[in-house]
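In case you want the letters, here they are:
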Amino acid sequence: NAGVTQTPKFQVLKTGQSMTLQCAQDMNHEYMSWYRQDPGMGLRLIHYSVGAGITDQGEVPNGYNVSRSTTEDFPLRLLSAAPSQTSVYFCASSDPGTFSTFGSGTRLTVV
Amino acid sequence: GQNIDQPTEMTATEGAIVQINCTYQTSGFNGLFWYQQHAGEAPTFLSYNVLDGLEEKGRISSFLSRSKGYSYLLLKELQMKDSASYLCAVREGGATNKLIFGTGTLLAVQP
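What comes next is a walk through the structure. (Residues numbered from 1 in each chain as written. Chains lettered and ligands numbered in written order. Predicted model: local features only at pLDDT ≥ 70, side-chain atom pairs only at ≥ 80, totals over all residues. Heavy atoms only, no water.)

## Notes on unusual backbone geometry
A cis amide bond links Thr7 of chain A with the next residue in sequence, Pro8 of chain A, at an omega value of -5°. Following the sequence through the fold, Pro8 of chain A ends up in the loop between β1 (4–7) and β2 (10–13). Positioned with a positive phi, Asn28 of chain A is a non-glycine residue whose angle comes to about 60°. For Glu77 of chain B, which is not glycine, the phi torsion reads 45° and is therefore positive. Among the secondary structure elements, Glu77 of chain B is positioned in the loop between β8 (70–75) and β9 (84–91). Owing to a relative accessible area of 54%, Glu77 of chain B belongs among the exposed residues under this scheme. (Helix = DSSP H or I, 4+ residues; strand = E, 2+ residues; numbered from the N terminus. Buried < 20%, exposed > 50% of the residue type's maximum accessible area, 1.4 Å probe, protein only.)

In C-alpha cells:
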C-alpha cells in the first residue's frame, strides 16, 4: 500500500517551460487536492477534485491546470512556468469526512 | 474572510508539556485538524475535532471550542523527535473536504 505517490521529487525548470507533476493514490479515495507550500505562508490550495471527471479551483489556481480522468490519478500541469511558481507542491487524498493523506512533495525551482 | 492564526515559533523542554494554540475565522466549519510536519517531509495527521471538547490519543490531545473559534494541541512528555512544525487546518463546510491551513508553529524541543 503506497498511499499517495508524487513524481518527480525535484525539478528545475526554465521560465516559460511547461511540465506536469504526477500524483497517484491507491486508497480509492474520492477527494484529491494540490497544495503549494511557501515559507511563511503555509499550505495553499491550488485545485481540488471530488471525484473522477470533477475538478474545481482553490485559492491560488492561476497558472495551473488539472484533470481527473481516473480515481487514482490527479496530475497538475504548469502551463508556462514562472519564478513565482518556485515552491514545494503537495498532493493529498481523502475520503469524505476523513483526514487527508499527503504525498512526499515535489520541490520545484523555476529559473 | 478566511483566517487561521497560530504562533510562529515555540520552544519547550524535553519531558515537558507544550500547548499550541490556533484561532480561526472561516466562512464554514466542518472540523479542525492538526498535522505534524518535519523539515523536508510531508504533513502527517495527528488529531481531529469536529465537536467541542477534548480528544486524547496517547501523548497527544486536542481541544476545540467552536463558539470561540479556538483550538489547541497539547503534547505531553516531549521528546526530541517532536521538534517539527505543527499545522492547524479547518475543513470548510459542504461536500468538498477542502482544508484551509494556518502558517504553522515551529516547535523546538531542547534537552
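## Looking at the sheet that holds strand β7 (residues 64–66) of chain A
All names here are of chain A. In spatial order, the strands read β1-β3-β8-β7; together these four strands make up an open sheet with antiparallel pairing. The open sheet has two edge strands, β1 and β7, and neither has a second partner. Across the sheet, the mean angle from the axis of one strand to that of its neighbour is 20°, orientation sign disregarded. Inspection of the sheet shows strand β3 (residues 19–25) paired to strand β8 (residues 76–78) by three bridges, in the antiparallel sense. Among the inter-strand pairings, Thr20 is bridged to a residue of β8, identified as Arg77. (Pairing = 2+ DSSP bridges. Axes fitted to C-alpha atoms, helices over the stretch in contact; angles between N-to-C directions.)

## Digging into the interface of chain A and chain B
The interface of chain A with chain B comprises 22 residues on the first partner and 19 residues on the second. For the chain A face of the interface with chain B, the top three residues by lost area are Leu43, Phe99 and Phe102 of chain A, together amounting to 30%. Applying the counting criterion to the chain A and chain B interface returns zero salt bridges. One can count three residue pairs in polar contact (both at pLDDT 80 or more) joining chain A with chain B. Those elements that place two or more of their residues in the side of chain A that touches chain B are β4 (31–38), β5 (42–51) and β9 (87–94) of chain A. With five residues, β5 of chain A is the single largest residue contributor to the side of chain A that touches chain B. Class assignment for the residues of the side of chain A that touches chain B results in eleven nonpolar, nine polar and two charged. (Contact = heavy atoms within 4.5 Å. Buried area = accessible area lost by both parts, 1.4 Å probe. Salt bridge = Lys/Arg side-chain N within 4 Å of Asp/Glu carboxyl O. Polar contact = N/O pair within 3.5 Å; in protein donor to acceptor, adjacent residues only side chain to side chain. Nonpolar A, V, L, I, M, F, W, Y, C, P; charged D, E, K, R; others polar.)

## Here's the deal with the sheet that holds strand β7 (residues 60–65) of chain B
Residues and elements named next belong to chain B. The strand order β1-β3-β8-β7-β6 describes an open sheet built from five strands, whose pairing is antiparallel. Since the sheet does not close on itself, it has two edges, and those belong to β1 (3–5) and β6 (53–57), each with one partner. Strand-to-strand, the axes of this sheet are offset by a mean angle of 15°, without reference to chain direction. Two elements, β6 and β7, share five bridges in a ladder whose sense is antiparallel.

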